[in-house]
Amino acid sequence: MAAISFLGDLLQSISDRGRGLIAFGRDDPAKASVAEVVKLAEDLISRRGEASGVALARIILDRYDSFSRPDRHEFLRRIALDFGADHAAVEGAIAAYETAPSRAALGRLHEAAEPRSQELIRRLNLARDGTIALVRMREDLFSLREAARKADKPDPALAEAVDSLDSDFEHLFASWFNRGFLVLRRIDWTTPAHILEKIIRYEAVHAISGWDDLRRRIEPPDRRCFAFFHPALLDEPLIFVEVALTTGIAAAIAPILAHERQHTATREATTAIFYSISNCQKGLAGITFGNFLIKQVVEDLCREMPALKTFVTLSPVPTFRTWLDRERRSDAPQGLTREDVETLRALDQPDWHADKAKADAVRKALLPAAAYYFLRAKTPRGKPVDPVARFHLGNGARLERLNFLGDVSPKGLSQGYGLMVNYLYDLAAIEKNHETYANLGTVSASLTVNRELRQNLPPARAVALAEA
């Protein structure tokens, strides 16, 4: 940490000295317009001096940070449209390669084809705290893309340029945030308060109601929380996982989050339940952290507590209700018989889950539908419909159990009619499961889940649910 702080101070010193090397065309760059900041960006990628470049990058980021949302969108629009590759240079490099193919010529073609926006992002990253500023900038790019899609007259050229700029961010972030740079830290009650506040704010699966709730999740000896950090974002967790140490696989979230519960002695724990995984930085969407996080935490827990034998999740099913409601309304429902459709009308009644008779009837129709949802329903790309399933199955986990009414909170009912599932991380089978899923699209599932699937159902059809 001291070394990182030293480097930060050094960058700041370079930036301060570099400001004296920059000649501005106006009196106060802190009041520069969007057009003037775009010109500063042009100047940045044309400079060779490191000191002046660091200073200019910081000036651009500071001014960008002061912009209103419309001005930020305008800046990003200009960068997306105007900072592409030099097409004449690309054509010349292609001609040179065709005339005399060589590795060097191919390298020059690669260099010519790179959008100028990539070099701009690299140079902006030179500024102190530039990395987190760029992560936030990509969040603004997401909102620009959403606004462009909802415009009365969508602009195809802008849409293509914004997607290309986003690819530039993702390409560079994938290198800057690769596993080799990530640091795993345990989050406990001794963690600095400003980081704990962010854990409360970033929790995306089961909301943390306040400090007392957070303490119940991280202080007891049978609870763990781990997060990945990056040297450039020391106080900003990238992703974190909450773990319950138990004596068996849990089927519902309420007992885990209960205010009053019986603690499990660490020496008695045989099972680690990953019950919440939260990505913290929206601007890092598409950058893979979760698979490394789970595997690293499993390794650390195994070293700390050799008695742990079972590693399993208790996961939400975020798109199940959307899928099921679609099939219930369909003229040719997938995964459902006509009797199932009729039985599931009870789902439209308030508090159906609190009525034992209704809940028992729904269970008999809903679990076979859920088995179909996981084992047969596919996106147009041939992947499982559920995004959480894609994540864990891609990591090599096995779909172990379907838990009816595992989460009866308002959020759990609205997402998946209360359904939760367990994904089992069998250390001996992870690689095999991953390979069969990646190469064949095979969903690894227990016999218990497979037995829920109804026989003689029509072939599955692709459904257009988001794959993000």
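Residues numbered from 1 in each chain as written. Predicted model: local features only at pLDDT ≥ 70, side-chain atom pairs only at ≥ 80, totals over all residues. Heavy atoms only, no water.

**A few points about the packing of aromatic side chains**
All chains considered together, the criterion is met by 14 aromatic pairs. Aromatic ring contacts, followed pair by pair, group Phe169, Phe173, Trp176, Phe177 and Phe289 into a single cluster. Stacked on the ring of Tyr202, the Lys or Arg Arg201 has its end atom at 5.5 Å from the ring centre. (Phe/Tyr/Trp six-rings, centres within 6.5 Å; stacked < 30°, edge-to-face > 60°. Lys NZ or Arg CZ within 6 Å of the ring centre and 35° of its normal.)

**Regarding the pattern of salt bridges**
This structure, assessed with the given rule, holds 33 salt bridges. Among the ionic pairs, Arg122 bridges to Glu119, the shortest N-O distance being 3.1 Å. Residue Arg122 and its partner Glu119 are located together in helix H7 (residues 116-124), separated by 3 residues, close to a single helical turn. Note on Glu119: relative accessible area 25%, which makes it partly exposed. (Salt bridge = Lys/Arg side-chain N within 4 Å of Asp/Glu carboxyl O. Helix = DSSP H or I, 4+ residues; strand = E, 2+ residues; numbered from the N terminus. Buried < 20%, exposed > 50% of the residue type's maximum accessible area, 1.4 Å probe, protein only.)

**Considering the UniProt feature "domain: Malonyl-CoA decarboxylase C-terminal" (unreviewed entry) in the protein chain**
UniProt marks residues 180-426 with the feature "domain: Malonyl-CoA decarboxylase C-terminal" (unreviewed entry), using the numbering shown here. Helix makes up 36% of residues 180-426 and strand 18%, whereas the separation of the span's terminal C-alpha atoms amounts to 25 Å. (UniProt positions renumbered as here; feature names shortened; annotations may be inferred.)

**Things to note about the UniProt feature "domain: Malonyl-CoA decarboxylase N-terminal" (unreviewed entry) in the protein chain**
Under the present numbering, the feature "domain: Malonyl-CoA decarboxylase N-terminal" (unreviewed entry) in UniProt falls on residues 83-177. Across residues 83-177 one finds 78% helix and 0% strand; the C-alpha atoms that close the span lie 24 Å apart.

**Regarding empty space enclosed by the protein**
Applying the stated criterion across every chain, the model contains 1 cavity of 30 Å³ or more. Every element with two or more residues in the lining of the largest cavity is listed here: helix H4 (69-82), H7 and helix H9 (156-176). For the lining of the largest cavity, the element with the highest residue contribution is H7, accounting for 4 residues. A class-by-class count of the residues in the lining of the largest cavity yields 9 nonpolar, 1 polar and no charged. (1 Å grid on protein atoms, 1.4 Å probe; cavity = no way out; pocket = protein on both sides within 12 Å on 5 of 7 lines; lining within 4 Å. Points joined across faces, edges and corners; volume = space filled by probe spheres on them. Nonpolar A, V, L, I, M, F, W, Y, C, P; charged D, E, K, R; others polar.)

**So, the packing of helix H8 (residues 130-149) against H9**
Running from N to C, H8 and H9 point in directions that differ by 155 degrees, and their axes come no closer than 10 Å. Classified by the angle their axes make, H8 and H9 are roughly antiparallel. In this structure, H8 meets H9 at a crossing whose hand is left-handed. Residues Leu134, Val135, Met137, Arg138, Leu141, Phe142, Leu144, Arg145, Ala148 and Arg149 of H8 lie in contact with H9, whose contacting residues are Leu158, Val162, Asp163, Leu165, Asp166, Phe169, Glu170, Phe173 and Trp176. (Axes fitted to C-alpha atoms, helices over the stretch in contact; angles between N-to-C directions. Parallel < 35°, antiparallel > 145°, perpendicular 65-115°, else oblique. Left-handed = near helix turned anticlockwise from the far one by under 90°. Contact = heavy atoms within 4.5 Å.)

**A word on the side chain of His73**
By the secondary structure assignment, His73 is in helix H4. If near-sequence neighbours (up to four positions away) are discounted, His73 is found in contact with Asp140, Ser143 and Leu144.

**Thoughts on the packing of helix H5 (residues 87-99) against helix H6 (residues 103-113)**
Relative to each other, H5 and H6 sit at 165 degrees, their axes nearing to 9 Å. One way to sum up the angle between H5 and H6 is to call them roughly antiparallel. The chirality of how H5 crosses H6 is left-handed. For the pair formed by H5 and H6, the contact residues are Ala89, Val90, Ala93, Ile94 and Tyr97 on the first element and Ala105, Leu106, Arg108, Leu109, Ala112 and Ala113 on the second.

**Quick look at the environment of Lys153**
The residue Lys153 is located in the loop between H8 and H9 in this model. A residue is classified by how much of its surface remains accessible, and Lys153, at 77% relative accessible area, is exposed. Expressed as a C-alpha distance, the spacing of Lys153 and Glu268, which sit 115 residues apart in the sequence, is 63 Å.

**A few points about the environment of Ser143**
Note that Ser143 resides in helix H8. Taking C-alpha positions, Ser143 is 9.3 Å from Arg69, a pair spaced 74 residues apart along the chain. Setting aside chain neighbours within four positions, we find Ser143 in contact with Arg69 and His73.

**Points about unusual backbone geometry**
Among all residues except glycine, the phi angle is most often negative; among peptide bonds, the trans geometry is most common. One non-glycine residue with positive phi stands out, namely Asp129, at about 65 degrees. Here Asp129 shows up in the loop between H7 and H8. Look at Asp129 and you get partly exposed, because its relative accessible area is 49%. The phi dihedral of Asp351 falls on the positive side, at around 55 degrees, and the residue is not glycine. By relative accessible area, Asp351 is classed as exposed at 55%.

**Quick word on the pairing of strand S3 (residues 239-246)**
Most of S3 sits out of view: 8 of its 8 residues are buried. Two elements, strand S2 (residues 223-229) and S3, share 6 bridges in a ladder whose sense is antiparallel. Looking across to S3, one finds that Ala227 is bridged to Phe240. Where S3 and strand S4 (residues 271-279) come together, 8 bridges link them in antiparallel fashion. Residue pairing across strands places Thr246 opposite Thr271, the latter belonging to S4. (Pairing = 2+ DSSP bridges.)

**Quick notes on the side chain of Asn422**
Here Asn422 lies in strand S8 (residues 420-424). Here the side chain of Asn422 touches Ala250 through a polar contact of 3.1 Å, landing on its backbone oxygen. In terms of polar contacts, Asn422 uses its side chain to reach the backbone carbonyl oxygen of Thr313, at 2.8 Å. When sequence neighbours within four positions are dropped, the list of residues in contact with Asn422 reads Ile249, Ala250, Val312, Thr313, Leu314, Arg398, Leu399, Glu400, Arg401 and Asn403. (Polar contact = N/O pair within 3.5 Å; in protein donor to acceptor, adjacent residues only side chain to side chain.)

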